[in-house]
Amino acid sequence: ILNVEQSPQSLHVQEGDSTNFTCSFPSSNFYALHWYRWETAKSPEALFVMTLNGDEKKKGRISATLNTKEGYSYLYIKGSQPEDSATYLCAFSGDSSYKLIFGSGTRLLVRP
Amino acid sequence: NAGVTQTPKFQVLKTGQSMTLQCAQDMNHEYMSWYRQDPGMGLRLIHYSVGAGITDQGEVPNGYNVSRSTTEDFPLRLLSAAPSQTSVYFCASSRPGLGGRPSYEQYFGPGTRLTVT
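Residues numbered from 1 in each chain as written. Chains lettered and ligands numbered in written order. Predicted model: local features only at pLDDT ≥ 70, side-chain atom pairs only at ≥ 80, totals over all residues. Heavy atoms only, no water.

Describing the overall build of chain B
If you tally the helices and strands in chain B, you get zero helices and 11 strands. Reading the secondary structure of chain B in the N-to-C direction produces β-β-β-β-β-β-β-β-β-β-β. Taken over the C-alpha trace, chain B has a radius of gyration of 13 Å; the compact-globule value for 117 residues is 13 Å, and the two agree within 12%. The C-alpha extent of chain B, read off along each of the three principal axes, is 40 × 30 × 25 Å. Across the 117 residues that make up chain B, the buried fraction comes to 49%. Expressed as a percentage of contacts within chain B between residues at least 6 apart in sequence, the contacts between residues at least 24 apart total 54%. Positive and negative side-chain charges of chain B, numbering 9 and 8 respectively, have mean locations separated by a distance of 8 Å. (Helix = DSSP H or I, 4+ residues; strand = E, 2+ residues; numbered from the N terminus. Rg over C-alpha atoms; globule rule 2.2 N^0.38 Å. Buried < 20%, exposed > 50% of the residue type's maximum accessible area, 1.4 Å probe, protein only. Contact = heavy atoms within 4.5 Å. Lys, Arg positive; Asp, Glu negative; His and termini not counted. Charge placed at Lys NZ, Arg CZ, Asp CG, Glu CD.)

Here's the deal with the environment of Thr-65 of chain A
All names here are of chain A. Of note, Thr-65 is situated in strand 7 (residues 62-67). You can call Thr-65 buried: its relative accessible area is 19%. Spatially, the C-alpha atom of Thr-65 lies 9.9 Å from that of Thr-22, the residues being 43 residues apart in sequence. The contact partners of Thr-65, leaving out residues within four places of it in the chain, are Met-50, Asp-55, Glu-56, Tyr-72, Ser-73, Tyr-74 and Tyr-76.

Regarding the sheet that holds strand 8 (residues 76-78) of chain B
Residue and element names in this part refer to chain B. Spatial ordering of the open sheet is given by 1-3-8-7, a layout of four strands whose pairing is antiparallel. With one partner strand each, in any of the chains shown, strand 1 (4-7) and strand 7 (64-66) form the two edges of the open sheet. Geometrically, the sheet is characterised by an average inter-axis angle of 20° between neighbouring strands, direction not taken into account. Here strand 3 (residues 19-25) pairs with strand 8 via three bridges, running antiparallel. Opposite Thr-20, over in strand 8, you have Arg-77 as the bridge partner. (Pairing = 2+ DSSP bridges. Axes fitted to C-alpha atoms, helices over the stretch in contact; angles between N-to-C directions.)

Quick look at the interface of chain B and chain A
Taken together, the contacts link 26 residues of chain B with 22 residues of chain A. Taken together, both faces of the contact between chain B and chain A bury some 1,900 Å²; the carbon and sulfur share is 63%. Summed over the three residues of chain B that lose the most area to chain A, namely Leu-43, Arg-101 and Pro-102 of chain B, the buried surface amounts to 29% of that side. Counting across the interface, chain B meets chain A through zero salt bridges. Counting the contacts that link chain B with chain A gives four residue pairs in polar contact (both at pLDDT 80 or more). (Buried area = accessible area lost by both parts, 1.4 Å probe. Salt bridge = Lys/Arg side-chain N within 4 Å of Asp/Glu carboxyl O. Polar contact = N/O pair within 3.5 Å; in protein donor to acceptor, adjacent residues only side chain to side chain.)

Focus on the sheet that holds strand 3 (residues 19-24) of chain A
Residue and element names in this part refer to chain A. The five strands are arranged 1-3-8-7-6 in an open sheet whose pairing can be described as antiparallel. Bordering the open sheet on either side are strand 1 (5-7) and strand 6 (56-59), each of which pairs with just one other strand. The average undirected angle you get between the axes of adjacent strands in this sheet is 15°. Relative to strand 3, strand 1 is paired through three bridges, and the arrangement is antiparallel. Along strand 3, the bridge assignment pairs Glu-5 with Ser-24.

Description of unusual backbone geometry
Here the bond from Ser-7 of chain A into Pro-8 of chain A is cis, since omega is -5°, no more than 30 degrees from zero. Residue position: Pro-8 of chain A is located in the loop between strand 1 and strand 2 (10-14). A cis amide bond links Thr-7 of chain B with the next residue in sequence, Pro-8 of chain B, at an omega value of -5°. Mapped onto the fold, Pro-8 of chain B is located in the loop between strand 1 and strand 2 (10-13). At Asn-29 of chain A, a position not held by glycine, the phi torsion is positive, near 55°. Following the sequence through the fold, Asn-29 of chain A ends up in the loop between strand 3 and strand 4 (30-38). With relative accessibility at 47%, the residue Asn-29 of chain A sits in the partly exposed group. Even without a glycine there, the phi angle at Ala-41 of chain A is positive, about 70°. Position of Ala-41 of chain A among the secondary structure elements: in the loop between strand 4 and strand 5 (45-50).

Written as structure tokens, this is what we have:
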């Protein structure tokens, strides 16, 4: 059974704060790590897909890093805005499997 | 492009009824999958397919069947609905990575909200 853990479960921050979340995954047989943003009443939308140890990706104020040797990825949001309020999901794919397994997500609420 | 479409948007079933949730994509994606979303549990993989004629089980396959006769369509069948299958169901597709693995971003449909009474 593949275990993909995300922490924290939820986070409340003030507008302008920077924040980060963690995704932990099995460090053996790594193939790809995905991050998705999921707004209420919408469908998840892809932020990043990372495949190489040490990968860093950035999209506007959001960035992500990947450490496959120790099995974790960080998602950073710089200067949070209310429109960043959403659930952030990570998903792991192992080298020996075609399955994409999701964590339970981090729910972010940014207060104006 | 319509992207990933799902029908119906909402459905209420009685225990024991069967039905098919439809999913179609027009992006020529080989990789397609079905997830269910329950409170506090994120997305759980039900079944997936790496191409027409090829399907496999995910984390929670019991009570569901799939088939993939074309690249575009990936229907999910509930054989005998149970209250435990009350959930929101999402279909997703992506182009295949090396060997068909999900190494590219997934595109999700709008979801089907199913209630089983």
